Amino acid sequence: MSALPYAARDSVTMFRRNMKRAVRYPSVAVVIVMMPVIFLLLFNYAFGGALGAGIQGPELKGDYIDYIAPGIILMTVATGSIGAALGICMDKTEGIVNRFRTMAISRASFLTGHVLSNLVLTAFGTAVVTAVALLIGFRPDATAPEWLAAAGLMAFLALALTWLSAGMGLVAKTVESASNMPMPITFLPFLGSAVVPTETMPSWMRWFADHQPFTPINETLRGLLMGTGIGNSAWIALAWCTGLALLGYMWAKAAFKRGVRN
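Residues numbered from 1 in each chain as written. Predicted model: local features only at pLDDT ≥ 70, side-chain atom pairs only at ≥ 80, totals over all residues. Heavy atoms only, no water.

A. Region of the structure containing the packing of aromatic side chains. Within the structure shown, the criterion is met by eight aromatic pairs. Ring geometry for phenylalanine 39 and phenylalanine 190: centres 5.4 Å apart, planes at 40 degrees, overall tilted. Of this pair, phenylalanine 39 sits in helix 2 (residues 27-46) while phenylalanine 190 sits in the loop between helix 10 (183-187) and helix 11 (203-211); the two residues are 151 residues apart in sequence, bridging distant segments of the chain. Relative to tyrosine 249, the ring of tryptophan 163 has its centre 5.1 Å away and its plane inclined at 85 degrees; by these criteria the two rings are edge-to-face. On the criterion of sequence distance, the pair formed by tryptophan 163 in helix 8 (residues 144-171) and tyrosine 249 in helix 13 (residues 233-258) is long-range, its members being 86 residues apart. Tyrosine 249 gets classed as partly exposed once you look at its relative accessible area, which sits at 36%. Among the aromatic residues, ring-to-ring pairing joins Phe39, Phe43, Phe187 and Phe190 into one connected group. (Phe/Tyr/Trp six-rings, centres within 6.5 Å; stacked < 30°, edge-to-face > 60°. Helix = DSSP H or I, 4+ residues; strand = E, 2+ residues; numbered from the N terminus. Buried < 20%, exposed > 50% of the residue type's maximum accessible area, 1.4 Å probe, protein only.)

B. Geometry of the nonpolar core. Judged by nonpolar contacts, the single largest core of 46 residues is most densely connected at Ile68, Met154, Leu157, Val195, Phe214, Ile217 and Leu225. Breaking this core down by element, the ones donating at least two residues are helix 2, helix 4 (64-80), helix 7 (107-135), helix 8, helix 12 (214-226) and helix 13. It is helix 4 that provides the largest number of residues to this core, a total of eleven residues. Core analysis: the next-biggest nonpolar cluster, separate from the first, contains 13 residues, Phe100, Phe110, Val115 and Ala166 among them. (Core = buried A, V, L, I, M, F, W, Y, C linked by side-chain atoms within 4.5 Å.)

C. Highlighting the packing of helix 7 against helix 8. It is at 9 Å that the axes of helix 7 and helix 8 come closest, and there the two elements cross at 135 degrees. Classified by the angle their axes make, helix 7 and helix 8 are oblique. Here the hand of the crossing between helix 7 and helix 8 comes out right-handed. Each of Leu111, Val115, Asn118, Leu119, Thr122 and Thr130 in helix 7 lies in contact with helix 8, whose residues at this interface are Trp147, Ala158, Leu159, Thr162, Trp163 and Leu170. (Axes fitted to C-alpha atoms, helices over the stretch in contact; angles between N-to-C directions. Parallel < 35°, antiparallel > 145°, perpendicular 65-115°, else oblique. Left-handed = near helix turned anticlockwise from the far one by under 90°. Contact = heavy atoms within 4.5 Å.)

D. A look at the side chain of serine 11. Turning to its location among the elements, serine 11 is positioned in helix 1 (residues 3-24). Look at serine 11 and you get buried, because its relative accessible area is 9%. Residues within four places of serine 11 in sequence aside, it is in contact with Ser109, Thr112 and Gly113.

E. Quick peek at a nonpolar patch on the surface. On the surface, Val30, Met34 and Ile38 cluster together to form a nonpolar patch covering roughly 260 Å² of accessible area. Its location among the elements puts methionine 34 in helix 2. Residue classification places methionine 34 among the partly exposed positions, given a relative accessible area of 39%. (Patch = residues over 30% accessible without salt bridge, like charges linked within 9 Å, V, L, I, M, F, W, Y side chains within 5 Å. Areas by Shrake-Rupley, 256 points an atom, 1.4 Å probe, with all protein chains shown as cover. Salt bridge = Lys/Arg side-chain N within 4 Å of Asp/Glu carboxyl O.)

F. The arrangement of helix 7 in detail. With 29 residues, helix 7 ought to run about 42 Å at 1.5 Å a step, and its terminal C-alpha atoms sit 44 Å apart, in line with that. Just beyond helix 7, the residue with positive phi is glycine 137, at close to 120 degrees. (Expected span 1.5 Å × (residues − 1).)

G. A look at the packing of helix 4 against helix 7. One way to put it is that helix 4 packs onto helix 7 with a least axis distance of 9 Å and a crossing angle of 160 degrees. Considering their axes alone, helix 4 and helix 7 lie roughly antiparallel with respect to each other. The handedness of the crossing between helix 4 and helix 7 comes out as right-handed. Residues Ile65, Ala69, Ile72, Ile73, Thr76, Val77 and Gly80 of helix 4 pack against Asn118, Thr122, Gly125, Thr126, Val129, Thr130 and Ala133 of helix 7. Residues that form the contact of helix 4 with helix 7 fall into these classes: seven nonpolar, seven polar and no charged. (Nonpolar A, V, L, I, M, F, W, Y, C, P; charged D, E, K, R; others polar.)

Structure (structure tokens):
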């Protein structure tokens, strides 16, 4: 068997293993899904009246839920990346990684299996949050191609953040630290345009909000779903996703190649 089918077969095996573990121990998946849902309900019902009243201009089309929903969907993708760090660190600290190294399996399959399974779980969580948003009043006017483009953008971002999270899981010493390391990524969308336009922020915070990766990604997603202006945000968003994906992949590959010891 050539190298490529060999690696693909082992990656599918690792993917199935991780999905079975997610079904048997669903606590992590539940937390990853429930956190964005709670934020969605909190911002819409508790803060939506005050925050929505302060948004003027083309950024707000319809109710505040139409503004906040794309940001919460983005947060769901960011939250989903935590699962990769936790799963990989658990395997590392339990010694399973070192055992895999002694077996006749493709070295790439371990990371690939974790990344693929995490992408599936992230997609499931994103679908749940989107469904909840639609139930409570989110009314996007996107066409079918725009929905596909939005899904593709979120999938690309999920891939980038999952590889970045995989690197964190490999370098983390404990499962607790693995769960904490990706947390800034989870809340970074709130320091962008997810909750309010960056124009309403103080000048020093606005500079950071405008130049961090999640703001152009959020503006692109909102533009695709709600028809607001995108401008050059789409190209910046794709550039950020590409850079994060390459950084995460190279980091995870290098950390795994150096070897993992308890």
